[in-house]
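# Coordinates in review
What follows is the residue order along each chain.
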Amino acid sequence: MTASLSTVPAPVAITSPLTIRMHDRDNVAIVANDGGLPAGTVLANGLTLRDRVPQGHKVALVDVVAQAPVLRYGIPIGFALQDIPAGSWVHERLLQMPSARGLDNLPMPGDGVTVQPDPLPALEGYTFEGYRNADGSVGTRNILAITQTVQCVAGVTDFAVQRIKAELLPLYPHVDDVVALAHGYGCGVAIDAPGAEIPIRTLRNISLNPNFGGEVMVVSLGCEKLQPERLLPPGSFPIHAEGSKIDSISSASGQDLDVVCLQDDAHVGFMAMVDAVLRQATVHLERLNARSRVTCPASELVVGVQCGGSDAFSGVTANPAVGFCTDLLVRAGASVMFSETTEVRDGIAQLTARASTPEVAQAMVREMAWYDTYLERGKVDRSANTTPGNKKGGLSNIVEKAMGSIVKSGSAAITGVISPGEKLKQKGLTYAATPASDFICGTLQLAAGMNLHVFTTGRGTPYGLAQVPVIKVATRSDLARRWHDLMDVNAGTIADGTASIEQVGWELFHLMLEVASGRKKTWAEHWKLHNALVLFNPAPVT
Ligand code: CA
């Protein structure tokens, strides 16, 4: 695959004080300048700063009296704990966080009050070059994935994968990579407990991700709780009529799942196990290598959007640009998932109002209620989400973070909801319920069938996945400048005033088609930055 790297445009120096206010009602704005602004700075509106205000942090535009709401995005992100004079730095210690909205009496489609979003006009004529699979799905990469039933086999599989890369992959030039699907699950777990179906179906559905071409091969230990036939029951995976089955369990159980079981008597010594994995891999590599890219409509993209290492610019630059791009994708008939339950929980009323049907709205409420209960079990709530880096970046609390996070979902009607680990059922905009944890969210979006990932960051994270290309979008030009060989798109140009949300949204859309086609590599692909699969397991371990 010949590929060029995406580039981040050169930043423009800003010398005059620059603040950003998101909504007419807001009584605070954030400071956009790199390095923040010193006390005494006179803003464009004539206001003089009483304190030094760091970049991304809030300044009071008017006097805010104690107990009064501090408004950003037009909604209260907190209540003043003391009088805050105009020009002051409004930091988290001055704010009382509002409590979460209850899940009753939400706006619902068809309630006679809620106005549903107008359908977006169709966007036609955009295509990419992808790998069409037998089940109709489309891959953006052509990867051999090796499924594992249990963590015990991870070392052996990794050893085999290194040999496959060195000895076999050069013989199969149309195969992009070989990836071991290592994870921490499979044994030492209460496998029948409520919630255990989540990690199990996550692993099953990741094995079937469109980027793996329907080639399922499994390495099993033998004595683990998660037996191969429980992970991939008959009928849950594609069967290939041709080609020999190596170490197949078909003779014993009538199934056609390709399994190398390390505890099999046939394996005498470590190298026998490794050779068995290589023999089996060869069968799949031959079939994968025979595939080639074909022109596919943009509607075959399955995009997961998420953010990590957020700052106050996330909701001003990168996430709105991603939201604009989400609308473009929905207009093109593609599938887009937004997730991160604790980061959208405070916007539940916005989301139910955007649902296409009452059933979709109720499904969102059901997922949020489940997560509320899950958090209560740990004696926390959604406020446990925010990190020291979020706060340093200007986000006072989860309400402010959520309002900036939710805009990644754009403006289209929400037409689907899936639970953690489930496979996506339809095109359009879907709320895929997942934790906000970057690795867990990415893992669950992989299980849903994502073939392209978009990730926004303000503080900066080198996040990447081995299974799909990850396009990273910087919220600030300062980050894009420092991390010039890690960030694929600079949305900081929006805060600098040199690009619009629409321009960056279109730039991202065009880059997605290039990356999906394999014509461009993301920086994470270039450097092979691969974060681990991290399963969401709400059930007990033993
Ligand atoms: Ca995240």
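Values in this document were obtained by computation on a predicted structure and should not be read as measured data.

### Some thoughts on the coordination of the calcium ion
Tetrahedral coordination by four donors places them ideally at 109.5 degrees to one another around the metal; octahedral coordination by six donors ideally gives 90 or 180 degrees. Within the protein, Gln-306 (OE1), Cys-307 (O), Glu-340 (OE), Ala-436 (O) and Asp-438 (OD) serve as the donor atoms for the calcium ion, at 2.4 to 2.6 Å. Between the donor residues of the calcium ion, the gaps in sequence give the motif Q-C-x32-E-x95-A-x1-D.

### A few points about the side chain of Asp-496
Among the secondary structure elements, Asp-496 is positioned in helix α13 (residues 492-496). At 6.3 Å, Arg-481 is the nearest oppositely charged side chain to Asp-496, a buried residue that forms no salt bridge. Reaching out from Asp-496, the side chain makes a polar contact with the side chain of Ser-477 at a distance of 2.4 Å.

### Overview of the packing of helix α6 (residues 318-331) against helix α14 (residues 501-516)
Geometrically, a packed helix pair is captured by the angle between its two axes and the distance between the axes. Contact geometry for α6 and α14: axes closest at 8 Å, N-to-C directions at 55°. One way to sum up the angle between α6 and α14 is to call them oblique. Note that α6 runs across α14; the crossing there is right-handed. In this structure, α6 uses Pro-320, Ala-321, Val-322, Phe-324, Cys-325, Leu-328 and Leu-329 to contact α14, whose residues at the interface are Ile-501, Glu-502, Val-504, Gly-505, Trp-506, Leu-508, Phe-509 and Met-512. Of the residues belonging to the contact of α6 with α14, the class tally is 13 nonpolar, one polar and one charged.

### Concerning the packing of aromatic side chains
Per the stated rule, a full pass over the model turns up 14 aromatic pairs. Where Tyr-126 meets Phe-509, the ring centres are 5.1 Å apart and the plane angle is 85°; that geometry is what we call edge-to-face. Placement of Tyr-126 in the loop between β8 (95-96) and β9 (127-132) and of Phe-509 in helix α14 is noted, with a sequence separation of 383 residues between them. Note on Tyr-126: relative accessible area 27%, which makes it partly exposed. On the numbers, 6.1 Å between centres and 80° between planes, the contact of Trp-370 with Phe-536 is edge-to-face. Separated by 166 residues along the polypeptide, Trp-370 in helix α8 (residues 358-377) and Phe-536 in the segment after α15 (523-527) bring together distant segments of the chain. Residue Trp-370 is classed as partly exposed on the basis of its relative accessible area of 35%. Through pairs of rings, three or more aromatic residues link up here, namely Trp-370, Tyr-371, Tyr-374 and Phe-536.

### A closer look at a nonpolar patch on the surface
Side chains of Phe-159, Phe-270 and Met-271 sit close together on the surface and give an oily, nonpolar patch of about 260 Å² of accessible area. Checked against the element boundaries, Met-271 lands in helix α5 (residues 270-289).

### Concerning the pattern of salt bridges
Inspection of every chain in the model, using the stated rule, returns 23 salt bridges. The closest approach of N and O atoms between Arg-163 and Glu-167, which form a salt bridge, is 2.9 Å. In this pair, Arg-163 and Glu-167 both sit in helix α1 (residues 154-168), four residues apart, roughly one turn of the helix. Residue Asp-275 pairs with Arg-163 through a salt bridge whose shortest N-O separation is 3.4 Å. Placement of the pair is Asp-275 in helix α5 and Arg-163 in helix α1, with a sequence separation of 112 residues. For Asp-275, a relative accessible area of 31% translates into the label partly exposed. Each of the salt bridges in this network shares a partner with another, and the network as a whole consists of Asp-34, Asp-311, Arg-476, Asp-478, Arg-481 and Arg-482.

### Considering the domain arrangement of the chain
In terms of domain boundaries, the chain breaks down into domain 1 (129-294) and domain 2 (302-527). Roughly 1,600 Å² is buried in total at the junction of domain 1 and domain 2, and carbon and sulfur atoms are behind 51% of that figure. With a shortest N-O distance of 2.7 Å, Arg-141 and Glu-525 are connected by a salt bridge. Taken together, domain 1 and domain 2 are joined by 12 residue pairs in polar contact (both at pLDDT 80 or more). Here the side of domain 1 that touches domain 2 takes five residues from helix α2 (residues 197-207), the largest share from any one element. Classifying every residue of the side of domain 1 that touches domain 2 by side-chain character gives nine nonpolar, five polar and four charged.

### Re the sheet that holds strand β15 (residues 294-297)
Each strand in a sheet pairs with its neighbour through backbone hydrogen bonds, running either in the same direction (parallel) or in the opposite one (antiparallel). Sheet architecture is open: three strands sit in the order β10-β9-β15, paired in antiparallel fashion. Every interior strand has two partners, whereas the edge strands, β10 (138-139) and β15, have only one. Summarising the sheet, β9 and β10 pair through two bridges and their orientation is antiparallel. Considered in β10, the bridge of Arg-132 is made with Val-138.

### Section: empty space enclosed by the protein
Tallied over the entire structure, the rule returns three cavities of 30 Å³ or more. In this structure, the largest cavity occupies an estimated 70 Å³ of space. Of the residues contributing to the lining of the largest cavity, the split by class is five nonpolar, three polar and five charged. Estimates place the volume of the second largest cavity at around 40 Å³. With four residues, the top contributor of residues to the lining of the second largest cavity is helix α10 (residues 398-405).

### A closer look at the nonpolar core
With 55 residues, the main nonpolar core has Leu-301, Leu-329, Leu-508 and Met-512 as its most contacted residues. At eight residues, α14 tops the list of elements feeding residues into this core. Other than its neighbours up to four places away in sequence, Leu-329 contacts Leu-301, Val-303, Ala-334, Val-336, Phe-509 and Met-512. One finds Val-150, Leu-169, Val-175 and Val-274 within the second-largest nonpolar core, a separate group that totals 26 residues.

### Things to note about the sheet that holds β8
In spatial order, the strands read β5-β6-β8; together these three strands make up an open sheet with antiparallel pairing. Edge strands, defined here as strands with exactly one partner in the open sheet, are β5 (69-72) and β8. Summarising the sheet, strand β6 (residues 75-80) and β8 pair through two bridges and their orientation is antiparallel. Within β8, the residue paired with Phe-79 across the bridge is Gln-96. Contacts from α10 reach β5 and β6 within the one sheet, and its direction differs from that of β6 by about 165°.

The rules behind the values
- Residues numbered from 1 in each chain as written.
- Predicted model: local features only at pLDDT ≥ 70, side-chain atom pairs only at ≥ 80, totals over all residues.
- Heavy atoms only, no water.
- Donors = N, O, S within 2.8 Å, 3.2 Å for Na, K, Ca; no water.
- Helix = DSSP H or I, 4+ residues; strand = E, 2+ residues; numbered from the N terminus.
- Buried < 20%, exposed > 50% of the residue type's maximum accessible area, 1.4 Å probe, protein only.
- Lys, Arg positive; Asp, Glu negative; His and termini not counted.
- Salt bridge = Lys/Arg side-chain N within 4 Å of Asp/Glu carboxyl O.
- Polar contact = N/O pair within 3.5 Å; in protein donor to acceptor, adjacent residues only side chain to side chain.
- Axes fitted to C-alpha atoms, helices over the stretch in contact; angles between N-to-C directions.
- Parallel < 35°, antiparallel > 145°, perpendicular 65-115°, else oblique.
- Left-handed = near helix turned anticlockwise from the far one by under 90°.
- Contact = heavy atoms within 4.5 Å.
- Nonpolar A, V, L, I, M, F, W, Y, C, P; charged D, E, K, R; others polar.
- Phe/Tyr/Trp six-rings, centres within 6.5 Å; stacked < 30°, edge-to-face > 60°.
- Patch = residues over 30% accessible without salt bridge, like charges linked within 9 Å, V, L, I, M, F, W, Y side chains within 5 Å.
- Areas by Shrake-Rupley, 256 points an atom, 1.4 Å probe, with all protein chains shown as cover.
- Domains from an automatic or database assignment.
- Buried area = accessible area lost by both parts, 1.4 Å probe.
- Pairing = 2+ DSSP bridges.
- 1 Å grid on protein atoms, 1.4 Å probe; cavity = no way out; pocket = protein on both sides within 12 Å on 5 of 7 lines; lining within 4 Å.
- Points joined across faces, edges and corners; volume = space filled by probe spheres on them.
- Core = buried A, V, L, I, M, F, W, Y, C linked by side-chain atoms within 4.5 Å.

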